[in-house]
There are 2 protein chains.
Amino acid sequence: MSLEQLDCALERWTQLLGPEFVSSDPLRRRPAETATFATCQRVPAILRPRDRAQIQQCLRIANQCGVPLYPVSSGKNWGYGSRVPPADGCALLDLSRLRRILDFSEELGYVTVEPGVTQRQLYGFLRQRGSRLWMDATGSSPECSLIGNVMERGFGHTPYGDHFAHVCGLEVVLPEGEVLRTGSARLPGSTAAAVNRWGVGPSLDGLFSQSNLGIVTAMTIWLMPEPECFAAFFFRCEDPAGLPPLIDALRDLRLRDVLRSSVHIGNDYKVLNGLEQYPWQQTGGLTPLSPEHMAHFRKTRTFGYWNASGGLYGTRAQVAEARRLLRAALRTQNGKLRFLSEKKLRLARRFAKLFSVVMRWDVTRTIDIVEPVVGLMRGVPTSHALASAYWRKRMPIPADPDPDRDGCGLLWYAPVAPATGESVAALTALASDTLLQSGFEPMISLTLLTPRSVYAVISITYDRQVPGEDQRAMDCYFRLAQRCTEAGYHPYRLGIQAMPAAAATETYSSVLERLKTVLDPNAVLAPERYEERAATLSADAKNRSYAQAQLRS
Amino acid sequence: MSLEQLDCALERWTQLLGPEFVSSDPLRRRPAETATFATCQRVPAILRPRDRAQIQQCLRIANQCGVPLYPVSSGKNWGYGSRVPPADGCALLDLSRLRRILDFSEELGYVTVEPGVTQRQLYGFLRQRGSRLWMDATGSSPECSLIGNVMERGFGHTPYGDHFAHVCGLEVVLPEGEVLRTGSARLPGSTAAAVNRWGVGPSLDGLFSQSNLGIVTAMTIWLMPEPECFAAFFFRCEDPAGLPPLIDALRDLRLRDVLRSSVHIGNDYKVLNGLEQYPWQQTGGLTPLSPEHMAHFRKTRTFGYWNASGGLYGTRAQVAEARRLLRAALRTQNGKLRFLSEKKLRLARRFAKLFSVVMRWDVTRTIDIVEPVVGLMRGVPTSHALASAYWRKRMPIPADPDPDRDGCGLLWYAPVAPATGESVAALTALASDTLLQSGFEPMISLTLLTPRSVYAVISITYDRQVPGEDQRAMDCYFRLAQRCTEAGYHPYRLGIQAMPAAAATETYSSVLERLKTVLDPNAVLAPERYEERAATLSADAKNRSYAQAQLRS
């Protein structure tokens, strides 16, 4: 792309959107060029269209002038690249002004939204209407776009936690500006547009998730009816070797639908990371956190080596039966199982001190830990998770956390394992070893998102303001990615720095390339995004990307 | 395609597969040119490859010689076209020799199969191993291919009834002979190939269902663990206007996951059709069946205007609670709710007569009706449904029913409605009216396949040997299709005669065409299969197809 091309595009975009919705001055572009790890991509402009028609026009201009666009819904892709495009020189297409809720049905349990609709907005919408429907929230931030998260195949904590499995009827603007509707929504006058995702003929929805083949401008999301009864459960494993039997027991309960929602398991590092910042004083400034310190925190903060939590949903009798089955399944395991009903939690909030005495359980601290977790199980968005990005920072967590702005270092690697104790144990051992070797605390969360699979999220959390840390973290990331993929644990989602390095087979790359060619002949939409290169190229690409990452830091 | 091209292809295919696996003599081709309604497509040859490598070679030859191929797994696509290709002149690629079960896990609940693996084969495989896993069976026939059914997005009766939602990791031979793997199965050495369907990057599975973009040669299907307790329920509606409140009540139970599996509702005609052949004697040979005769059968055979059935799965306590909730939900409705536990059914089988006296319920006839239905709820394949194709035949149902061979007329139209009483009532009224006007009994089954959608299957059942009936049935079919789509009830699946007539939007058609062009540049794979034309063409196409259908009959 030449400067001439950029000028051509900027002029037309400005004419289309108005000067207040096109930014090209360096100061305002800077935040869009900043992630929670080292990047060197430049973003020449930020466009903020008002509606679908303007998006279509923006794309047409992009094609005419040969300037690529990178769409973000809310741009909260922390740990994976924030708003930064994987390729250099893309103008940012910020969709946050498209904030309409287009359709809603209390009866059929769905809502149709635009890309700018955030978790907070939908949550407020439902509460305001007195709806008896629950949304599923991802833990990231209330300001996250629903569509942005779904299209990255993010996940949540209720029975509707596998987000991409609970959406229907996409409206997609194709790279050349045409509008495509998928599923039943494409059928003229369909009464099933919001309820029947397959439609008739090939199902195209999958093409637009984790891809650069189109911009999703509307989507129906299914909502679950509020259950009569809800209870949370917490299990802490007192044995470092307790993970495999725990996974096996939980898989069985998930397969039998006793546990209808994903179960979340955090290791000790992950829990501590959620509770407080790095204990600089106690450790005398040394990193990583020593096993002795970790043991101390496990004891004083009362958490285990592995800490599972999940929700039980249903009628009173259904929840009681689920409690019984869960208790039976975990009976032989070395750990503590606790239940927390909504009533208990309400009471606990009000009588925390008295409760501690009566129940012989220090609930004050527990409430701090569990309140946002339990909220997520009920679809309540929380900003709690953001604070954890400040782990290694020496500043206190600000009232309005912004990891990009504050130089929080965060790299997420999220491999998937089959839900067997053996597999998950092998993966976590490998991850712990890799991170500790690099001097980072191995914070690991495991989510039994489906009955058969565990989505791990491994955080490399550091302080970008410490010289050399960007480089060290990125080295660690690529070492981890290499070891995991060699062992057969591939990620469910990619950070922008990993996209060119991912190892595809030749046929897959060739098919993707062919699809891209016919849908985006000028390659103007999000170049490099999830564009994997063939395995034969991948060693090369890996080195290239690795060298780039080194350059960037 | 010229005769020269065909000769070229036949020679090479014969050389590849051996003469015993290539048939081109008219007598052996005839059955492949026969469906349960009028068709005029000729099938110049039938190829029976042994394995994937031979399929790849068959496709390469098809490309070289310019002769199109139409793949069938088992070819039991009754009511939608059997083995007949939508386009004239396609050689049939019969995949029934690929009968390997490639992988199986009792622990993770899955099986990986080739296209020739039938319901019977998998059921036998599981029983023989003493597996505690259940498959989900479709009602069609034990000889149905699992892959064939899944790729048409067929459905079953257990909690895994939405077949396409319960498969993972396709192996696809593309039209030019390359092999593509999807989801996690495409990732080198992935441990999650059989459990994580999304993989990373765009999800391509949907492209190969109801399409002509590739041949699925292997697929993982998830299996459910046998529950501790199972019970079936039956509800018969004594009020013709009882359908809307019944749908609304069942939707709520589905949304709340009290009913974990699809609920099936048959109207009176559908139930009678499942029980016996047309009562020629009682009606003095007159058709369609009069309301008076229908009333007589409802009374003497003890079924209602609408007859719902479904399964309850779980522990003893879970099933007991589901019974309580179901009873409460249907309390105010005019009808009879019955439960049938496995124990009761076993007892009933053994002591049918005694039982009738004790329970004051004529179980003998009921067992005849419910046994295959209850079997399907437990994933047991049945050939029961095949008999219903002989409804208007004057011959007795043979021991080895074959609707194609025996001139059974059967056209299925399968529109989807949102799961609201109002919508479903409007659809069924429209369907009943259309069929009765044409002199056919409106046999309707409704399946609450998902909590939010109802899949209707409307059967036009007739005797192909009665002159003029083929034509009359096809007229009725297209009238029904037109009225349904005008009212917003589009089909979930198409018969071969409807494929050119389906109304697509311009962008959708254009996208599909572009995908076809890059994946199948010589258009050798299943031409016309789910190739919808744009709306602007569709009136035209409809007339064309209609005229063809008239010609054929």
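Residues numbered from 1 in each chain as written. Chains lettered and ligands numbered in written order. Predicted model: local features only at pLDDT ≥ 70, side-chain atom pairs only at ≥ 80, totals over all residues. Heavy atoms only, no water.

**Section: the pattern of salt bridges**
All names here are of chain A. This model, assessed by the stated rule, comprises 63 salt bridges over all chains. Its salt-bridge partner being Asp51, residue Arg50 comes within 3.5 Å of it at the nearest N-O pair. For Arg378, the salt bridge is made with Glu342, and the minimal N-O distance between the two is 2.4 Å. One end of the pair, Arg378, is in the loop between helix 12 (363-377) and helix 13 (384-387); the other, Glu342, is in helix 10 (residues 342-350), and 36 residues separate them in sequence. A relative accessible area of 24% means that Arg378 is categorised as partly exposed. (Salt bridge = Lys/Arg side-chain N within 4 Å of Asp/Glu carboxyl O. Helix = DSSP H or I, 4+ residues; strand = E, 2+ residues; numbered from the N terminus. Buried < 20%, exposed > 50% of the residue type's maximum accessible area, 1.4 Å probe, protein only.)

**Concerning the sheet that holds strand 6 (residues 110-113) of chain B**
Residues and elements named next belong to chain B. With respect to topology, 5 strands assemble into an open sheet ordered 5-6-10-8-9, the strand pairing being antiparallel. The open sheet has two free edges, formed respectively by strand 5 (101-105) and strand 9 (179-181), since each of these has just one partner strand. Sheet twist, expressed as the average angle between the axes of neighbouring strands with direction ignored, equals 10°. Taken together, the 5 bridges between strand 8 (residues 167-173) and strand 10 (residues 215-222) define a ladder with antiparallel strand orientation. When the bridges of strand 10 are listed, Val172 appears paired with Val216. Where helix 3 (residues 52-65) meets the sheet, its contacts fall on strand 8, strand 9 and strand 10, and the angle it forms with strand 8 comes to roughly 50°. (Pairing = 2+ DSSP bridges. Axes fitted to C-alpha atoms, helices over the stretch in contact; angles between N-to-C directions. Contact = heavy atoms within 4.5 Å.)

**Things to note about helix 8 (residues 291-300) of chain A**
Residue and element names in this part refer to chain A. Looking only at helix 8, the buried set comprises Met294, Phe297 and Arg298. Taken down its axis, helix 8 places every buried residue within 100° of arc, on the same side. The exposed set on the far side of helix 8, more than 90 degrees from its buried face, consists of Glu292 and Lys299. Where the residues of helix 8 are buried, they touch helix 7 (268-275). Positive backbone phi, at 45°, marks Thr302, one or two positions downstream of helix 8. (Arc of directions from axis to C-beta.)

**With respect to the packing of aromatic side chains**
All names here are of chain B. Applying the stated criterion to the full structure yields 28 aromatic pairs over all chains. For the pair Tyr80 and Trp412, a centre-to-centre distance of 5.6 Å together with 55° between the ring planes defines the contact as tilted. In this pair, Tyr80 is assigned in the loop between strand 3 (69-72) and strand 4 (91-94) and Trp412 in strand 16 (residues 408-413), connecting sequence segments 332 residues apart. For Tyr80, a relative accessible area of 2% corresponds to the buried category. (Phe/Tyr/Trp six-rings, centres within 6.5 Å; stacked < 30°, edge-to-face > 60°.)

**Considerations on the state of the cysteines**
Residue and element names in this part refer to chain A. Under the defined criterion, the tally for this structure stands at 2 disulfides over all chains. Residue Cys8 pairs covalently with Cys65 via a disulfide, S to S 2.2 Å. Across the S-S bond linking Cys8 and Cys65, the dihedral sits near -60°, which makes this disulfide left-handed. Taken together, the residues span a long stretch of sequence, with Cys8 in helix 1 (residues 3-17) and Cys65 in helix 3 (residues 52-65) at a distance of 57 residues. By relative accessible area, which is 3% here, Cys65 ends up buried. Cys144 forms no disulfide, and the closest cysteine sulfur to it belongs to Cys408, at a distance of 15 Å. (Disulfide = S-S within 2.5 Å.)

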